[in-house]
Amino acid sequence: MSDRERIRKLQEQLAQAEGVIEALRSHQVDAIVGQDDVALVRLREAEDALRVSEDLNRRTLQALSAHIVVLDQQGRIIVVNEAWTKFARRNAAGDSATVAVGANYLEACRPAVAAHDPAAVAALAGIEAVLGGRQEQVTLEYPCHSPQEERWFLMTVVAFGAGGAVITHLNITARKQAEEKLHASLHEKEVLLKEIHHRVKNNLQVISSLISLQADNLADECQRDLFGDLRDRVRSMALVHEKLYETANLARIEFAEYVRHLLHYLWRAHGSAAAAVNLKLDLQPVWLSAETAVPCGLILNELATNALKHAFRGRADGEMMVALQRRKDGQVSLQVRDNGIGLPVGSDWRQSRSLGLQLVQMLSVQLHGTVAVRGDGGTEFEFVFEPPKPPS
Amino acid sequence: MKPRTKGPKTAARAPKATCHRLQLFVAGTEPNSQLARENLKRIIAAHLKDNCELAIVDVLKDFQTALAANVLVTPALVVDAAGTRTIIFGNLTETTKVLAALRLPPARHE
């Protein structure tokens, strides 16, 4: 073989090799033929999929609006996203390199910790807890106000890979401000509601004073009594509103406290008639809404007043027992018991012409409750009802 | 039959003189092999009509023929024309390269 031929042959081989390399490089090869087998080349799809997913991950990280930084176990910054870099550039006093890739984030936190910034102290402790494997995740809301504006951030530190951590700082200023607005508005409403209960109570008290004044001018004792009953009823309603604005709740009152207060008032209002009657209380705390407390208070007012006026007629002294309890079945029981002369034999209290007892009937129906009357060495009224569940 | 100035005799002989022997080596239905098949079919229809002999060799069934033809990777097209052999590797997407190997007009232009 002449040199010329040999060179031509080599050139051919080279050209062929070039063709093979080009086909391989442009991913156009499916199989490689060997001396005794064929190997399929299926790298391309897997490679493409990997490239696509890597690219997708990178672009997703960059597109996220939260400021994201990934740390290794020592706290060195491995990866940051666009939002992080931008924020660092705008906010780092002079040197944003302290929070760029390669810097140590823990070191970057130390000056603020040394200055006793409570947010920085908590943040550093949280990051160290996650890096040290003591906690999987730490979240922290902190203020980071700039001279121009108020800013709030939510920091989340999540354990990542082999001992590292991903830290996300999300700007939550808008949420925080909305929260503050809601709080302020809620507070304003509470103040207004309190004010309304106060005014209702004051107005009812004015009405009861007017009734008292009118009663004082009456010569007829029977008429004075009627006015007195009316005054007590208005007063028992006013007391619910007084209790409402006194409690932080504004929607419910502690009824045992109300019972104590109302009976104390009745004993004062009924002067000598009440002075000889010994009052005994057995009260458990029961919370009632305003809508339930008003009719319930009126029922107590009627039963207690009725007993004061009629039960001890002709007696030098007596005893009245008022009990309030929430039973195991969830129902509330209000008992008014006296050791007086008892109801007239053979009479039915439901047929009574007394406005007070008619009111008791009407109000108990309104509350879907039942009234039981027992007479055994006195009279016992027991009113049982199921208080409506407060809206959740 | 188109009337030609050089006479019917030469025209009738011409196909024999330029007849191409094509061997396409593929690996089953792998994506590039499939693509090469389709590309070659298209090129033949457009440029060679019936003026060629085509053999398709699946290396997954017969790799000895590939070895003998010095085909190391597939898809590969082996073209025997006018006493010379050319091998084109890849999925034959670049038509001009294929035509050059076939020594057809568009390639001569370049």
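Residues numbered from 1 in each chain as written. Chains lettered and ligands numbered in written order. Predicted model: local features only at pLDDT ≥ 70, side-chain atom pairs only at ≥ 80, totals over all residues.

A. Spotlight on the overall build of chain A. When its secondary structure is counted, chain A shows 11 helices and 14 strands. Looking at the 392 residues of chain A, the share that counts as buried comes to 26%. Put simply, 55% of the contacts in chain A that link residues at least 6 apart link residues at least 24 apart. (Helix = DSSP H or I, 4+ residues; strand = E, 2+ residues; numbered from the N terminus. Buried ≥ 20, exposed ≤ 12 C-beta atoms within 10 Å, placed from the backbone. Contact = placed C-beta atoms within 7 Å.)

B. Quick peek at the overall build of chain B. The secondary structure content of chain B amounts to 5 helices and 5 strands. Traced from its N-terminal end to its C-terminal end, chain B shows the element sequence α-β-α-β-α-β-β-β-α-α. Taking all 110 residues of chain B together, 32% fall into the buried category. Within chain B, counting contacts between residues at least 6 apart in sequence, those at least 24 apart form 57% of the total.

C. Representation of the packing of helix H8 (residues 255-269) of chain A against helix H10 (residues 290-311) of chain A within the structure. Residues and elements named next belong to chain A. In contact at an axis separation of 11 Å, H8 and H10 are set at 35 degrees when each is read in the N-to-C sense. Handedness of the H8/H10 crossing: right-handed. Of the residues in H10, those touching H8 at Phe255, Tyr258, Val259, Leu262, Leu263 and Leu266 are Ala293, Cys296, Gly297, Leu300, Asn301, Ala304, Thr305 and Leu308. (Axes fitted to C-alpha atoms, helices over the stretch in contact; angles between N-to-C directions. Left-handed = near helix turned anticlockwise from the far one by under 90°.)

D. Representation of the nonpolar core in the model. Residue and element names in this part refer to chain A. Of all hydrophobic cores here, the largest spans 42 residues; its most connected members are Phe255, Tyr258, Val259, Ile299, Leu300, Leu303 and Ala304. Elements with a contribution of two residues or more to this core: helix H7 (221-246), H8, H10, strand S11 (318-326), strand S12 (332-338), helix H11 (355-366) and strand S14 (379-385). No other element matches H10, which puts 10 residues into this core. A domain-level breakdown of this core finds at least three residues from each of domain 2 (173-250) and domain 3 (253-392). (Core = buried A, V, L, I, M, F, W, Y, C linked by C-beta atoms within 7 Å. Domains from an automatic or database assignment.)

E. Seen up close, the packing of helix H6 (residues 173-216) of chain A against H7(A). Residues and elements named next belong to chain A. Remark: H6 packs on H7, axes separated minimally by 8 Å, with the N-to-C direction vectors making an angle of 165 degrees. Classified by the interaxial angle, the pair formed by H6 and H7 is roughly antiparallel. Between H6 and H7 lies a crossing whose hand is left-handed. Broken down by class, the residue content of the contact of H6 with H7 amounts to 12 nonpolar, 8 polar and 6 charged. (Parallel < 35°, antiparallel > 145°, perpendicular 65-115°, else oblique. Nonpolar A, V, L, I, M, F, W, Y, C, P; charged D, E, K, R; others polar.)

F. Looking closely at unusual backbone geometry. The omega torsion across Thr74(B) and Pro75(B) is 0 degrees, close enough to zero to call that bond cis. Considering the arrangement of structural elements, one finds Pro75(B) in the loop between strand S3 (73-74) and strand S4 (76-81). Its identity as a non-glycine residue notwithstanding, His116(A) has a phi of 60 degrees, on the positive side. Inspection of the secondary structure puts His116(A) in the loop between helix H4 (105-114) and helix H5 (118-131). Here Leu92(B), not a glycine, exhibits a phi torsion of approximately 65 degrees, which is positive. Mapping Leu92(B) onto the fold places it in the loop between strand S5 (84-89) and helix H4 (95-101).

G. Inspection of the sheet that holds strand S7 (residues 164-171) of chain A at higher detail. Residues and elements named next belong to chain A. Strand order in the open sheet made by the 5 strands is S4-S3-S7-S6-S5, with antiparallel pairing throughout. Only two strands of the sheet have a single partner each, and these edge strands are strand S4 (77-80) and strand S5 (137-143). Averaged over all neighbouring strand pairs, the angle between strand axes comes to 20 degrees, with direction disregarded. (Pairing = 2+ DSSP bridges.)

H. Geometry of the sheet that holds S12(A). All names here are of chain A. Spatial strand order, S9-S11-S12-S14-S13: 5 strands in an open sheet with mixed pairing. With partners counted over all chains shown, the strands left at the sheet margins are strand S9 (277-283) and strand S13 (370-374), one partner each. Across the sheet, the axes of successive neighbouring strands diverge by a mean angle of 10 degrees, strand direction being ignored. Pairing between S13 and S14: 5 bridges, direction antiparallel. By the bridge assignment, valine 371 is partnered in S14 with phenylalanine 383. Strands in contact with H8 are S9 and S11; relative to S9, the strand with the most contacts, it is inclined by about 175 degrees.

I. Just H6(A), in detail. Residue and element names in this part refer to chain A. For H6, which comprises 44 residues, the first-to-last C-alpha distance of 64 Å matches the rise-based estimate of 64 Å (1.5 Å per residue) to within 8%. The element H6 is largely exposed, with a buried count of 4 among its 44 residues. Within H6 the residues assigned to the buried category are His197, Lys201, Ser208 and Ile211. In the core, the buried residues of H6 are packed alongside H7. (Expected span 1.5 Å × (residues − 1).)

J. Structural context of the interface of chain A and chain B. In this complex, chain A contributes 14 residues to the contact, which on the side of chain B involves 20 residues. Elements that contribute at least two residues to the side of chain A that touches chain B include exactly helix H1 (3-25), strand S1 (31-33) and strand S2 (38-40) of chain A. Tallying contributions element by element places H1(A) first for the side of chain A that touches chain B, with 5 residues. In terms of strand pairing, S1(A) meets S3(B) through 2 bridges, oriented antiparallel.

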